[in-house]
Amino acid sequence: MWLHYRKIYLRFLHRLVHNFRPPLDIEALCNEGRLKEAMHLLYQMPVESGIYACVLELCASMKSLSDGKEIHAQIILNGLPINAFVATKLVRMYCKCGNVVHARLVFEQTMERSVFLWNTMIRGYANNGFYKEALSSYSEMQVSGISPDNYTVLSVLKACAGMEDLCQGMKVHCRIIRSGHELDLFVGNVLVAMYGKCRSLEYARQVFDKMPLRDNVSWNTMIASYSQNGFCDRALEVFELMEVKGASPDSLTIASILPAFVHGKGKSMKDVREVFDRMSQKDVISWNAIIAGYVQTGEWEEALRLFHQMGSEDVKPDSITITSVLSACARLAALQQGKAIHEYIKKIKLVSHLFLCNALIDMYAKCGSVNDARQVFDSMSQRDVVSWTAMIAGYGMHGHGKDAITLFCQMQHEGTQPDHITFVSVLSACSHGGLVDEGMQYFDVMIRDYCIAPTVEHYACLVDLLGRAGRLCEAQDLIEQMPLEPNESVWGALLSACRVHCNTNLGKLAAEHLFTLAPEKPGYYVLLSNIYAEAGRWDDALVIRKLMDEKGLKKEPGCSVIELKNRVHSFLVGDRCHPQSDEIYAKLDSLDRLMRAAGYVPDTEFVLHEVEDEDKEHLLYYHSEKLAIAFGLINTDPGTPLLITKNLRMCGDCHHAIKFISKIVQREIVVRDANRFHNFKNGSCSCGDYW
Ligand code: ZN
Ligand code: ZN
């Protein structure tokens, strides 16, 4: 009887163990990516090294360093031998988690080193940016008598590319040739990339041409090599060849070819766009690439148009897309579209991303809405130095110097360490707010309390600060005494100050430096000739204009944009292309009568004098910001504030005229010119005529 029960009990136990086997299977849990459960089981039963290897793999792919370390400890505690197999898994886990120091410790402690272990160590170094260590391990490997294989070569070439070490790269290449094997596809691709990175495009192309087999990676690498080195034509040529050979471009092709257009002078995005339009399957990567391309080449309206098209083609934008389009909105001062994007990211719950909030602060500040910027800033649960700096810069460009300083103090109080960019923002806020003493004081604070060595940008801010306050001699002294070579922004700041304070001698000095530093920029010639014109020195002004003509420099045409119902309308000086042109000019006529009745006299000094007096008035009349304002007045309800963005510095007459207009029409008019924001309200401007 007793025996009978015992049999049943044993049978029951047997069934229990066997039937419940699946949940106890660590390997199965690993395959399903259930790391926590696998770890839990690992503690409850003794396992062999194969199981540890399996969990280590999962730790590596999930980049879970803490779990990986625990397993390492368990292996040691259980007294399991760390052979080449286990060591490889450990090294791989540590490298994947970015901890090459621990990886190297395991490697050092392993006596028996297989080619896999060497490869894992070298790859770990190369992938984590430890290129020198990768190359020295490669030498060690050869000394120890283990011959490298294709996998070793891939990592070593990657390290050569990272260090731009052409010599070492060529040695590896020679080794591959000597080995007599046909060029492997992956090795070929990495060789092309290495030569491209080392700017040896001839060699890159030779390898590319000799490759018996190419995939899309090969084509993209060759295109990227040309394009990153500024050879747009060659990049396009390979691209055309790619099509001839029947390889189809993918989203990475677009991303590879873009740098050529962004950096190549006189190149438009047209060719990339053709490729993009022809692609049958466009994923978010290709949309991001093309939109970022337009943002970087300054075609912001097109970037926004594509963003809308992306939505209508049902491709969901990600945080990279949103950052690009927010910066396009910022550049265009397209506040309504910026707001719509803000609403959208709230809806899809992306709003908690720190860098998106930073982009929102920047967008709102540049679109003239400091209050919205501040709301975003206040709503953030976590802020970094970029957030603080963006908000301080926002206050600065609107002339709210005091607010900028208050915020900077709060930043110090909350323990966020300012960087050199923060100080550029603080100094320029002091400058725009006319806070000279405070600015000088913060310059000292930066050096003394934060040990930040002043850059040439900081000096430019100081020159601007002193120059605006009319302390031109001090500004000049500062330039002479500064320990760095003064650059374009330093002399540019001095020239602008000379323009505001009508100092022809110093203006001439600054301009001469600028003519050598930036000979291709017409703006400085115009500024100097304006300084002469204002001082009544017409002959000198004319000499400068002639100089410009001789050099073939044309004054950049003034262009103003205004956003209306999610569309951006742009106007050039004297523009008659707009469909509402007649209405616009009629509006300007009626405004002109009201302004003159209120005491406005056109200030013709701002027009270069080679035209007759009555033409001068006409030229002023048609400056692009006035056209944009008239257009805004016609198309919006009374009382709606207007926001206009202009590419150049606003002229004195327009500034004067807009003050009158703001009073006559009782509107708030904000103009963002090349220098700053002007907030016109009831006959005066926030800059206090100081810009
Ligand atoms: Zn003007
Ligand atoms: Zn102003």
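Up top you'll find the structure we're talking about.
What comes next concerns the included structure. (Residues numbered from 1 in each chain as written. Chains lettered and ligands numbered in written order. Predicted model: local features only at pLDDT ≥ 70, side-chain atom pairs only at ≥ 80, totals over all residues. Heavy atoms only, no water.)

### Topic: unusual backbone geometry
Consideration 1: Backbone geometry at Lys565 places phi at a positive 45°, although glycine is not the residue there.
Consideration 2: Here Lys565 shows up in the loop between β1 (559-564) and β2 (567-572).
Consideration 3: Among the residues examined, Lys565 registers a relative accessible area of 66% and is labelled exposed.
Consideration 4: A positive phi angle, close to 55°, is found at Gln666, a residue other than glycine.
Consideration 5: Of note, Gln666 is situated in the loop between α37 (652-664) and β4 (669-672). (Helix = DSSP H or I, 4+ residues; strand = E, 2+ residues; numbered from the N terminus. Buried < 20%, exposed > 50% of the residue type's maximum accessible area, 1.4 Å probe, protein only.)

### Focus: the packing of helix α3 (residues 35-44) against helix α5 (residues 65-77)
Consideration 1: At a closest axis distance of 12 Å, the pairing of α3 and α5 adopts a crossing angle of 15°. In terms of axis orientation, α3 runs roughly parallel to α5. Seen along the crossing, α3 lies across α5 with a hand that is left-handed. Residues Leu35, Lys36, Met39, Leu42 and Tyr43 of α3 lie in contact with α5, whose contacting residues are Asp67, Glu70, Ile71 and Gln74.
Consideration 2: Taken together, the residues of the contact of α3 with α5 break down into five nonpolar, one polar and three charged. (Axes fitted to C-alpha atoms, helices over the stretch in contact; angles between N-to-C directions. Parallel < 35°, antiparallel > 145°, perpendicular 65-115°, else oblique. Left-handed = near helix turned anticlockwise from the far one by under 90°. Contact = heavy atoms within 4.5 Å. Nonpolar A, V, L, I, M, F, W, Y, C, P; charged D, E, K, R; others polar.)

### As for the coordination of the zinc ion (ligand 2)
Consideration 1: Taken together, the protein donors to the zinc ion (ligand 2) comprise His655 (NE2), His678 (ND1), Cys685 (SG) and Cys687 (SG), at separations of 2.0 to 2.2 Å.
Consideration 2: Taken together, the four donor atoms coordinating the zinc ion (ligand 2) span angles of 104 to 117° at the metal, a pattern that classifies the geometry as tetrahedral.
Consideration 3: Summarised as a motif, the one-chain spacing of the donors to the zinc ion (ligand 2) is H-x22-H-x6-C-x1-C. One end of the pair, His655, is in helix α37; the other, His678, is in strand β5 (residues 677-681), and 23 residues separate them in sequence. Residue His655 shares its accessibility class with His678, and that shared class is buried. (Donors = N, O, S within 2.8 Å, 3.2 Å for Na, K, Ca; no water. Tetrahedral: all angles 85-135°; square planar, octahedral: opposite > 155°, others 65-115°.)

### With respect to the coordination of the zinc ion (ligand 1)
Consideration 1: The protein atoms that coordinate the zinc ion (ligand 1) are His623 (ND1), Cys651 (SG) and Cys654 (SG), at distances of 1.9 to 2.3 Å.
Consideration 2: Each donor residue of the zinc ion (ligand 1) lies on one chain, and together they are spaced H-x27-C-x2-C.
Consideration 3: Among the residues examined, Cys654 registers a relative accessible area of 0% and is labelled buried.

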